[in-house]
Amino acid sequence: MTRTLPSILILLMLCGCGGGDAQAPPIASVENPAESGTEAAVGSGDSEQTEQQPSAQPPMADQEQHMKWEHSEFGKTADGDVIEQYTLENSAGTVVKLINYGATIVSLETVDKDGKPGNIVLGHSSLEHWLANPCYFGCTVGRYANRISEGVFGLGDNIYTLDRNDGDQHLHGGTTGFHKRLWSAEAASDDTSVTVTFRYTSPDGDDRYPGKLDTIVQYTLNDENELKIHYEATTDKPTIVNLTNHSYWNLTGKAASEDVLKHELRLQCNQYLPVTETLIPTGDMLAVAETPMDFTIGKAIGKDLAEVEGGYDHCFVIAREIEGLAPAARVYEPTSGRVLEISTTEPGIQFYSGNFLNGQEDNGGFGKHHAFCLETQHFPDSPNHPHFPSTVLKPGERYESTTVHRFSVFK
Ligand code: GLA
């Protein structure tokens, strides 16, 4: 069953991180996820959201012990809708927690070079803050990730005007984007992987985007220590689509106390998209060589950061040598030995150095540069730059996008 949170609740969650003008006011009558997550069920397949699509969830006894998953209640929205949580675990000790509110990664634990587990993504400690989530921690961003200039684009004979939720710009699908929706969810596993499939049908005109969009986001954790995110969408009218995941990474596992400036980042990108002061691409694609944007051979995130006004918040053009899934980024954190490698089918990757994190409670208390994002995507504002790869989806076509995160340690 797909449901949309009532607009009254959504209005209470106005964004306060990275552009939204309003502060999120407190939300009444939500339960604490720590308290409400105690009724863990494994392979139950009887939850409300599986009414329409029978679950492929096997009972615990049928599962191979090295790929485990379980289902529990994360909490409830203000009007009583249940938020489901799925916990996935592989034999490498990686544990991923997902919720169907925003099809969101709420925590991701991997072991360091000494075998010690640590959470390497930012998260909130209360449901109230997950519901507001002004910095988009871990969520699925849509219908259009990143910015659209003044929220305006043309398609065929029509001009569409979207929510301006970042100054005069449209950001991450708008105030009530896909990160604020309850998705249906089901889990299934085999010997080597476990998958949670989230589905959401966005009606025609939703967030003022044209076309009814049937959307799937699938998270698969496997025994090669990879987390794959696969997206699909179809429409009944021409529309635009650009989906991504907005996880904030800090590979130390100690984001509360450590920044990410010593993380070593390599980007498989010879070009980047320069932006205006409102972070809209100018339309140029510039060479990174001999600029602070050059991560082609790898360097500490902090090395040239001071030379980039406002910090890194740019889309890089992936230098693709192969079709399909291609390497895009590699990050190494020397103290923990953790390595994150990202490959994707997308043409771009937004590198954001956590510039708007400000230590406030609704930012999870995390300070500036205490995490970075690597958001695989089509280029920002593509509908207004015809020379960028197209983000138009037409009836009869299928939007597909895949990104793989591979975790390892280097001793
Ligand atoms: C994106 C944007 C940033 C900021 C964050 C959210 O990554 O590029 O400018 O808006 O999201 O805070």
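Only a predicted model underlies this, so the values are computations on that prediction, with no experimental measurement involved. (Residues numbered from 1 in each chain as written. Predicted model: local features only at pLDDT ≥ 70, side-chain atom pairs only at ≥ 80, totals over all residues. Heavy atoms only, no water.)

## Considerations on the confidence of the model for the protein
Inference 1: When pLDDT is averaged along the protein, the result is 87; 84% of the residues meet or exceed 70.
Inference 2: The model gives residues 1–16 a pLDDT under 50, and that stretch makes 47 contacts with residues more than four places away or in other chains.
Inference 3: Every residue in residues 18–64 is under pLDDT 50, and counting partners more than four places away or in other chains gives 108 contacts. (pLDDT = per-residue confidence, 0-100. Contact = heavy atoms within 4.5 Å.)

## A closer look at the pairing of strand β3 (residues 95–99)
Walk down a regular strand and you will see the side chains alternate between the two sheet faces.
Inference 1: Extensive coverage of β3 is indicated by the burial of four of its five residues.
Inference 2: Two elements, strand β2 (residues 82–89) and β3, share five bridges in a ladder whose sense is antiparallel. Bridging from a neighbouring strand, Glu89 pairs with Val95 of β3.
Inference 3: Relative to strand β4 (residues 104–111), β3 runs antiparallel, the two being bridged by five bridges. The residue bridging Val96 from the neighbouring strand is Leu108, located in β4.
Inference 4: What sits between β3 and β4 in their antiparallel hairpin is a turn of four residues, with Gly102 showing a positive phi close to 75 degrees. (Buried < 20%, exposed > 50% of the residue type's maximum accessible area, 1.4 Å probe, protein only. Helix = DSSP H or I, 4+ residues; strand = E, 2+ residues; numbered from the N terminus. Pairing = 2+ DSSP bridges.)

## Digging into the sheet that holds β4
Inference 1: Sheet architecture is open: five strands sit in the order β1-β2-β3-β4-β5, paired in antiparallel fashion. If you trace the sheet from one side to the other, it starts and ends with β1 (68–76) and β5 (117–119), each paired once. Direction aside, neighbouring strands of the sheet carry axes that sit 20 degrees apart on average.
Inference 2: Where β1 meets β2, eight bridges bridge the pair, whose relative direction is antiparallel. Considered in β2, the bridge of Ser72 is made with Gln85. (Axes fitted to C-alpha atoms, helices over the stretch in contact; angles between N-to-C directions.)

## Details of the site of the ligand
Inference 1: Around the ligand sit 15 residues in total, of which Arg147, His172, His246, Asp313 and Glu375 are the nearest.
Inference 2: Between the ligand and Arg147, the relevant distance is 2.8 Å, taken from an oxygen atom to a side-chain nitrogen or oxygen of the residue.
Inference 3: Considered on its own, the ligand offers 310 Å² of accessible surface; in the complex 100% of this is hidden by protein.
Inference 4: Of the residues that constitute the shell around the ligand, the class distribution is eight nonpolar, four polar and three charged. (Near = heavy atom within 4 Å. Polar contact = N/O pair within 3.5 Å; in protein donor to acceptor, adjacent residues only side chain to side chain. Areas by Shrake-Rupley, 256 points an atom, 1.4 Å probe, with all protein chains shown as cover. Nonpolar A, V, L, I, M, F, W, Y, C, P; charged D, E, K, R; others polar.)

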